[in-house]
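Listed below are the residues making up each chain.
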Amino acid sequence: MTLPVFLVEALPTGGSAVLDGPEGRHAATVRRLRAGEELVLSDGSGAQVRCVVDEVVGKDALRLTVVERWVVPDPTPRVVLAQALVKGDRGELAVELATEAGVDGVVPWRAARCVTKWEEGPRGAKALARWRSTAREAAKQARRARVPEVDEPVGTPALARLVAESALTLVLHESADTPLTKVDLPASGDVLLVVGPEGGITDQELAMLADAGARVVRLGPTVLRASTAAAVALGALGVLTNRWE
């Protein structure tokens, strides 16, 4: 069984450490870790240390001894998800599932048919914070070494610029003739995976993305929800590339 992972701002540089704050409370009170058990501290950017619990201090702290250090490299190719904004908690579900499936970055997309728009101001900032918190908690749950970064939301013109900068862009659309399994995937660089809103991607948006170099592909014989399509596509990309090796 893999060891539980706890995220910290900075990893210990010496041979001992104290895990306190919310993560320490979770380890001591929720997980009930005790002396002699092991855990992993992660900075969320690939660096990790394995530690042994020396002592439980109250209800919210552990004294640790560091026994091993390593860095987990980025998978190749990386997969960045451009996820159209979805109303309610389905957007957070999309981020959660994609993070568990291994996504390396998330770009919220203000597509034309999005019901919610994340307007500038406190409400938009709050929604973005929820996506970022969801990615962090899902990465912990999946015991990932890297927490995917959730960028500021973009419109379609900015998304088209990201298409031009990526090694390959795959736009999932039910009208496509080419299945994902028939596309030549790059061995390195970024694969930008575009998932539209529940109302679908407009013809104008498809044309703009295709003009920037995107490939419009079909994921399978059925139509998936906007909140689940990315996770299914990431599973396929894990098998079709070296990401899972």
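An unreviewed UniProt entry lists the protein chain under the name Ribosomal RNA small subunit methyltransferase E, with Umezawaea tangerina as the source organism. The UniProt entry for the protein chain carries the following comment under Catalytic activity (unreviewed entry): "uridine(1498) in 16S rRNA + S-adenosyl-L-methionine = N(3)-methyluridine(1498) in 16S rRNA + S-adenosyl-L-homocysteine + H(+)".

Colleague: Would you explain the UniProt feature "domain: Ribosomal RNA small subunit methyltransferase E PUA-like" (unreviewed entry) in the protein chain in this entry?
Modeller: Following the UniProt record, one finds the feature "domain: Ribosomal RNA small subunit methyltransferase E PUA-like" (unreviewed entry) at residues 19-66. Secondary structure within residues 19-66 divides into 21% helix and 48% strand; the distance between the first and last C-alpha atoms comes to 12 Å.

Colleague: What exactly am I supposed to notice about the sheet that holds strand β10 (residues 190-195) here?
Modeller: Each strand in a sheet pairs with another by means of backbone hydrogen bonds, the pair being arranged parallel or else antiparallel. Read across the open sheet, the six strands follow the order β8-β7-β6-β10-β9-β11; overall the sheet is parallel. Among the strands making up the open sheet, the edge pair consists of β8 (149-150) and β11 (215-217). As defined by bridge partners, strand β9 (residues 168-172) adjoins β10 across four bridges and the pair is classed as parallel. Bridging from a neighbouring strand, valine 171 pairs with valine 194 of β10. Against the sheet, helix α4 (residues 156-165) touches β6 (78-84), β7 (105-109), β9 and β10, its axis set at about 150° to β10.

Colleague: Please explain the domain arrangement of the protein chain as it appears in this structure.
Modeller: By a widespread convention, an interface's size corresponds to the accessible area lost as its parts come together. Each assigned domain of the protein chain is listed with its residue range as follows: domain 1 (5-71) and domain 2 (78-240). Once you take the C-alpha centre of each, domain 1 and domain 2 turn out to be 33 Å apart. Carbon and sulfur atoms make up 48% of the area that domain 1 and domain 2 hide from each other, which totals about 790 Å². Three residues, Val5, Leu7 and Gly44, lead the burial of domain 1 against domain 2; their summed loss comes to 56% of the area buried on that side. Applying the counting criterion to the domain 1 and domain 2 interface returns one salt bridge. Put simply, lysine 140 and glutamate 23 hold a salt bridge, and the shortest N to O gap is 2.6 Å.

Reading the values: the criteria
Residues numbered from 1 in each chain as written. Predicted model: local features only at pLDDT ≥ 70, side-chain atom pairs only at ≥ 80, totals over all residues. Heavy atoms only, no water. UniProt positions renumbered as here; feature names shortened; annotations may be inferred. Helix = DSSP H or I, 4+ residues; strand = E, 2+ residues; numbered from the N terminus. Pairing = 2+ DSSP bridges. Contact = heavy atoms within 4.5 Å. Axes fitted to C-alpha atoms, helices over the stretch in contact; angles between N-to-C directions. Domains from an automatic or database assignment. Buried area = accessible area lost by both parts, 1.4 Å probe. Salt bridge = Lys/Arg side-chain N within 4 Å of Asp/Glu carboxyl O.

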